[in-house]
Amino acid sequence: MDRAIAIDVSHLSKSYGSHVAVADISFQVYAGEIFGLLGPNGAGKSTTLRTLITLLTPSSGTATVLGLDTVRDADKVRHVIGYVPQERAIDRFLTGREHLELLAALYHLPKDEAAKRIGELLKLVELESHADRPAKTYSGGMKRKLDIACGLLPDPKILFLDEPTLGLDVQSRLRIWDYVRMLKARGMTVVMTTNYLDEADQLCDRLAIIDGGRIKTLGSPVELKVGLGGDIVSVTLKESAKIPALESALKGQPAIRAVRATDKGLDIRVESPEKALPAVLEAANRLNCGVEFIQYNRPRLDDVFIAHTGRRIEETTPSKME
Ligand SMILES: Nc1ncnc2c1ncn2[C@@H]1O[C@H](COP(=O)(O)OP(=O)(O)OP(=O)(O)O)[C@@H](O)[C@H]1O
Ligand SMILES: [Mg+2]
């Protein structure tokens, strides 16, 4: 299917001095989709996003947004996008409504149109009843909702969200996912970054896994999981000391594609569990490894992440709760 392309990134690189933050990445975002950049801290997600929204100039390569070049046509690009930064730059002494009013003045929106839009946006993000309280008294989730309302104020065709739910509680995260889905249903294109696997899995139509400034893989969550080829058998052993022996016994066996040690056992990628399970149990038995628990899963997005980066995303991402 031919789909309209909203964003076209071609061989984009960005260095800060000698540090290469983004290295020769290329991808396209289709109109009307939710596209995610998934990666650990320092992967280059914000740098990529900030280049697309014209805040940064690429060191090399190009990017276009709705056919407009982010360097040559930067002013025009700014007219069609909204941006919700990772670090909020909102003055918490103003009320929620005052923030939006200030922004409306910056965008030169006529007063009555601004008032109407602000009313709609406060309703959309469920902040109507808190609109006239100082934003510094808002909870983390309410502040993030206000950030999103600010990003939507210019009525953008494309919305860029940098870590929309970072550090939020489960309830607030789910609400924000709902808003993002609603924006998509209204025809908006959404580009977001995240270092949450579940967010990428459940919210994004397609995503790029980015690590060390490079795209490791790209596709829909389902494509990426299917692309791994094979299911995962997770074995928990009674004694973790036996893990290395079982790991080396299984590596290279015909029914087994990959073996990875976990805290308590092994994750074994297999072509078909019917063929692999007998081999796993036979090896465990022969090596006298007590099996406490055995579980079989379709690959998850964390398996995809590990397969393409060689490690778990949690191992690279310190928690950043507020
Ligand atoms: N202004 C800057 N000057 C120098 N180095 C920078 C600057 N901004 C980012 N970097 C570096 O570039 C790399 C990519 O940073 P970036 O902020 O794009 O990562 P990220 O994927 O958004 O990470 P996070 O999940 O922590 O937000 C990192 O190594 C970072 O330290
Ligand atoms: Mg970032």
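Quick note: structure is the one above.
Conventions used here
- Residues numbered from 1 in each chain as written.
- Chains lettered and ligands numbered in written order.
- Predicted model: local features only at pLDDT ≥ 70, side-chain atom pairs only at ≥ 80, totals over all residues.
- Pairing = 2+ DSSP bridges.
- Helix = DSSP H or I, 4+ residues; strand = E, 2+ residues; numbered from the N terminus.
- Near = placed C-beta within 6 Å.
- Nonpolar A, V, L, I, M, F, W, Y, C, P; charged D, E, K, R; others polar.
- Axes fitted to C-alpha atoms, helices over the stretch in contact; angles between N-to-C directions.
- Parallel < 35°, antiparallel > 145°, perpendicular 65-115°, else oblique.
- Left-handed = near helix turned anticlockwise from the far one by under 90°.
- Contact = placed C-beta atoms within 7 Å.

Here the focus is the sheet that holds strand 1 (residues 5-16). Spatial strand order, 2-1-4-5: 4 strands in an open sheet with antiparallel pairing. Strands at the two margins of the open sheet, each flanked by one partner only, are strand 2 (19-30) and strand 5 (68-69). Pairing between strand 4 (residues 60-65) and strand 5: 2 bridges, direction antiparallel. Across the sheet, residue Val65 finds its bridge partner in strand 5, namely Leu68.

Another aspect to go through is the site of ligand 1. Inspection of the region around ligand 1 gives 13 residues, with Tyr16, Ala21, Lys45, Ser46 and Thr47 positioned closest. Taken together, the elements giving at least two residues each to the shell around ligand 1 come down to strand 2 and helix 1 (45-52). Here the shell around ligand 1 gets 3 residues from one element, more than from any other, and that element is helix 1. In terms of residue class, the shell around ligand 1 is built from 3 nonpolar, 9 polar and 1 charged.

The next subject is the packing of helix 3 (residues 96-106) against helix 4 (residues 111-124). Taken N-terminus to C-terminus, the directions of helix 3 and helix 4 make an angle of 135°; their axes are 10 Å apart at the nearest point. The orientation of helix 3 relative to helix 4 falls into the category oblique. Both helix 3 and helix 4 take part in a crossing whose hand is right-handed. When helix 3 is examined against helix 4, the residues Gly96, Arg97, Leu100, Glu101 and Ala104 are found in contact with a partner set consisting of Ala114, Ile118, Leu121 and Leu122. Taken together, the residues of the contact of helix 3 with helix 4 break down into 6 nonpolar, 1 polar and 2 charged.

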